[in-house]
Amino acid sequence: MKELRKVTNNYSHLQGDCMQETKSTLRVLQMNHCAYCERKLDTVFIEHFIPQSAGSGLEFDNFLAVCSGNYYTDKLKGNKIEHCDTKKGNVNLNIDPRKNDHIDTLSYSEDASLTSEVMIFQHDIDDILNLNFYELKRERQDAYNKIDLEYIVGEAHQIFPLKDRLRKILSMAERGEFEFSAYIKFRVVARLKYIENSENE
Ligand SMILES: [Zn+2]
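Scoring rules and cut-offs
- Residues numbered from 1 in each chain as written.
- Predicted model: local features only at pLDDT ≥ 70, side-chain atom pairs only at ≥ 80, totals over all residues.
- Helix = DSSP H or I, 4+ residues; strand = E, 2+ residues; numbered from the N terminus.
- Expected span 1.5 Å × (residues − 1).
- Buried ≥ 20, exposed ≤ 12 C-beta atoms within 10 Å, placed from the backbone.
- Arc of directions from axis to C-beta.
- Contact = placed C-beta atoms within 7 Å.
- Axes fitted to C-alpha atoms, helices over the stretch in contact; angles between N-to-C directions.
- Parallel < 35°, antiparallel > 145°, perpendicular 65-115°, else oblique.
- Left-handed = near helix turned anticlockwise from the far one by under 90°.
- Nonpolar A, V, L, I, M, F, W, Y, C, P; charged D, E, K, R; others polar.
- Core = buried A, V, L, I, M, F, W, Y, C linked by C-beta atoms within 7 Å.

1. Focus: helix α6 (residues 134-153)
Logical step 1: In this model, α6 (20 residues) spans 26 Å end to end at C-alpha, consistent with the 28 Å of a helix rising 1.5 Å per residue.
Logical step 2: Buried within α6 are the following residues: L136, R140, A143, Y144 and I147. Mapping the buried residues of α6 onto a view down its axis gives an arc of 90°, with all of them on the same face. In α6, those exposed residues whose orientation departs by more than 90 degrees from the buried face are Y134, E135, R138, N145, L149 and V153.

Structure representation (structure tokens):
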């Protein structure tokens with residue numbers, strides 16, 4: 001990775017093997033999920049967080065692995081919703097997914113909308129990255145329901161106490177192991193809090 005970080009200035013330096021290596025390193029670092037929408041990555045696209053047009057060099061720290069940014073509502077007809085890097089284009093974002101203090105402002109509403117307590121971040125989320133369209137919110141909810149079905153309702157795990165099962169999901173989500181890990185973490189933390197509060201009553 002140190003070698004990759006040294007590569008600068010010219011995009012042609014990043015062709016061929018080096019490009020592949022950059023993509024696979026990012027895939028591993030991000031557990032194969034898009035840095036913006038957290039959907040599973042089929043094909044990896046490299047996003048220059050600070051656009052090249054804004055003078056960024058080829059620094060590894062400026063790269064994010066992102067999805068195609070096309071959500072097909074009807075593939076045959078070519079009907080799609082653009083999001084992530086594809087929607088963003090060369091616009092500079094205020095929110096930076098690499099910064100913990102930015103991530104800490106994020107939460108989810110009842111309908112699985114991604115929200116931020118900082119107004120300019122919310123603008124990036126809704127208008128620049130388009131991360132709250134109906135189908136994506138439904139995918140977040142489905143991902144949580146799938147985990148719930150497997151680890152909470154599923155018989156295989158019933159021998160462990162509920163809190164232990166939730167903590168196990170939480171640590172997997174914190175490692176980014178799931179599609180939509182951030183949303184799953186949010187739901188599990190809320191559920192653990194609820195259990196702990198009712199125990200203390
Ligand atoms: Zn994405």
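On we go.
2. So, the environment of L106
Logical step 1: Mapped onto the elements, L106 comes out in strand β5 (residues 106-108).
Logical step 2: Since 19 C-beta atoms lie within 10 Å of it, L106 is described here as partly exposed.
Logical step 3: Along the chain, L106 and E117 lie 11 residues apart, while their C-alpha atoms are 6.8 Å from each other.
Logical step 4: Leaving out residues up to four positions away in the same chain, L106 has contacts with L114 and S116.

3. Considering the environment of A112
Logical step 1: For A112, the position within the fold is in the loop between β5 and β6 (114-116).
Logical step 2: Overall, A112 belongs to the buried group, with 21 C-beta atoms counted inside 10 Å.
Logical step 3: Placed 24 residues apart in sequence, A112 and L136 show a C-alpha to C-alpha distance of 8.9 Å.
Logical step 4: Those residues within four positions of A112 in sequence are excluded, and the remaining contacts are K137, R140, Q141 and Y183.

4. Here we look at the packing of helix α7 (residues 162-174) against helix α8 (residues 181-200)
Logical step 1: Here α7 crosses α8 at 150°, and the two axes come no closer than 9 Å. By the angle between their axes, α7 is roughly antiparallel relative to α8. Between α7 and α8 the crossing geometry is left-handed. Facing K163, L166, I169, L170, A173 and E174 of α7, the residues of α8 in contact are S181, I184, K185, V188, V189, R191, L192 and I195.
Logical step 2: Among the residues making up the contact of α7 with α8, the classes are represented as nine nonpolar, one polar and four charged.

5. Some thoughts on the nonpolar core
A general feature of soluble globular proteins is that nonpolar side chains tend to end up buried together.
Logical step 1: Residues C34, Y36, V66, C84, A143, Y183 and I184 are the most contacted members of the largest nonpolar core, which totals 31 residues.
Logical step 2: Listing elements by their share of this core, those giving two or more residues are β2 (63-66), α5 (119-128), α6, α7 and α8.
Logical step 3: Sequence-distant contacts of I184, defined by excluding residues within four places in its chain, comprise A143, Y144, I147, I169, A173 and F178.

6. Observations regarding α5
Logical step 1: Where α5 is concerned, the buried positions are F121, D124 and I125. Mapping the buried residues of α5 onto a view down its axis gives an arc of 90°, with all of them on the same face. Counted as exposed and oriented over 90 degrees from the buried face of α5: M119, I120 and D127.
Logical step 2: Here the buried face of α5 lies against α4 (100-103) and β6.
Logical step 3: Once α5 ends, the next one or two residues include N130, with phi positive near 50°.

7. A word on the packing of α6 against α8
Logical step 1: As a packed pair, α6 and α8 sit with axes 9 Å apart at the nearest point and diverge in direction by 60°. One finds that α6 runs oblique with respect to α8. As α6 runs across α8, the sense of the crossing is right-handed. Together, R140, A143, Y144 and I147 of α6 and Y183, I184 and R187 of α8 make up the contact between the two elements.
Logical step 2: Residue composition of the contact of α6 with α8, grouped by class: five nonpolar, no polar and two charged.

Such coordinate-based values are descriptive only and should not be taken to indicate function.
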